[in-house]
Amino acid sequence: MIKDIQQWAEFTFHASELGDKRRTNRLIKMVCGLAKNVGKSVVQSSKDDAEIEGNYRLIRNKHVTADPIAESGFAATATLAQNYSEVLALEDTTSLTYRRENMPDKLGYTSNSLNSKYTGFEAHSILLFSPEHQHTIGLIEQRRWMRDGKNFGNSKFNGKRDYQDKESYKWELASSAMAERLGDKINDCISVCDREADVIEYLSYKCTHNQRFVVRAKSNRPLEEGGRLFDSMNKQTVEDEYTVHIPQRGGRKGRDAILSIQYAQVDVLAPERKQATYPTLPIYAVSCREIDGDADKALHWMLLTTEPVTCSEQARKIVSFYEARWKVELFHKVWKSEGTNVEKLKMHQFESLEKLHHAHCA
């Protein structure tokens, strides 16, 4: 909860290098108005016609770009992170969509049809969170891109494309940018990612750069000791059981579930065709499975981590880290809905849209 909006805005955006101190002051003033009027437009958040004109002059100014606005916010988060002994970097990707008639043609496709009445772009965010204090620190990275209609339907050829040309490369790019901003503090940071991050290139990058992570496994990967990940973990002794409340979501009813915990140290291999390129990864696996649940709906998380797991207490801690990942999903939900209503913005230039997005994200 922001107690002093003016102080927060100055702390977050004072370092924005917009070419003129007056532009930075205008940005701070505009952001204060948006923060005081949650979910309202720039017009609705401005005091009078003069302020509306000043805000839109800043937004449309070709000499003002989005990157300095974003970097100022990321730098503020990096500064705050120094106050915490351990932080989780919660990651998620979302799509922002707009009606075609309201937006520039520069946006890309976001659905399974090129003829959709909506267009937009993808955004990958990293939100820092303190598990000890249960406190959200701030956004440390957000990467955006448009999907080109020329590449529509080409995902089936992913095996033949260079890693750097795939969307999955975003995980490594985001981690690299975060590490640069955090400096030595990256050693206290644990990336927490969903199954989309279970890419051997990304896991190898994190391990070779001594970066910590908890990643939900998607692939039944081969193991150096023989067999495969899921099959091997199913044979492990159940070390713990606990009850968790699974909240209602979408059409799913809320319920209390009893979960079993299994864990083991594993040596993960790359897919056979990539084993000459990527070394064996000595990491830990934690399996969290719902007991006596509906087979089709039962919760099952297979988590890969660089954190040592040699007892049930440590295993439970890894599960709690992954449970915190919903906070970045909630951030995206609020960002796109009543929190800022960014999907209702109407801009004729993509550059103006980007500036407003970064002002809303901080």
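Here the structure is shown first, and the text comes after it.
Our subject in this report is the structure included herewith. (Residues numbered from 1 in each chain as written. Predicted model: local features only at pLDDT ≥ 70, side-chain atom pairs only at ≥ 80, totals over all residues. Heavy atoms only, no water.)

### With respect to unusual backbone geometry
Our working definition: Per the convention used, a helix needs a DSSP run of H or I reaching at least four residues, while a strand needs a run of E reaching at least two, with both numbered from the N terminus.
The phi torsion at Gln134 lies on the positive side, around 50 degrees, for a residue other than glycine. For Gln134, the position within the fold is in the loop between strand E2 (118-130) and strand E3 (135-145). Located in the positive-phi region is Asn210, a residue other than glycine, with phi close to 55 degrees. Assignment of secondary structure puts Asn210 in the loop between helix H7 (200-208) and strand E5 (212-216).

### Notes on the sheet that holds E2
Our working rule: Note on pairing: DSSP must find at least two bridges between two strands before they are called paired. Geometry is summarised by axes, namely lines fitted to C-alpha atoms with helices restricted to the contacting stretch, and by angles between N-to-C directions that run from 0 to 180 degrees. Residue contacts follow a heavy-atom distance rule, with two residues in contact if any of their heavy atoms lie within 4.5 Å.
As summarised here, the arrangement of the nine strands in space is E3-E2-E1-E4-E5-E9-E8-E7-E6, forming an open sheet in which the pairing is mixed. With one partner strand each, in any of the chains shown, E3 and strand E6 (240-246) form the two edges of the open sheet. Pairs of neighbouring strands in the sheet enclose a mean axial angle of 25 degrees, with direction left out of account. Strand direction decides the pairing type here: strand E7 (residues 255-268) and strand E8 (residues 281-290), joined by 10 bridges, are antiparallel. Within E8, the residue paired with Ser260 across the bridge is Arg289. Running at roughly 30 degrees to strand E1 (residues 87-99), helix H10 (residues 326-336) makes contact with E1, E2 and E3 of the sheet. In this fold helix H11 (residues 350-361) packs onto E1, E2 and E3, with an angle of close to 165 degrees to the strand it touches most, E3.

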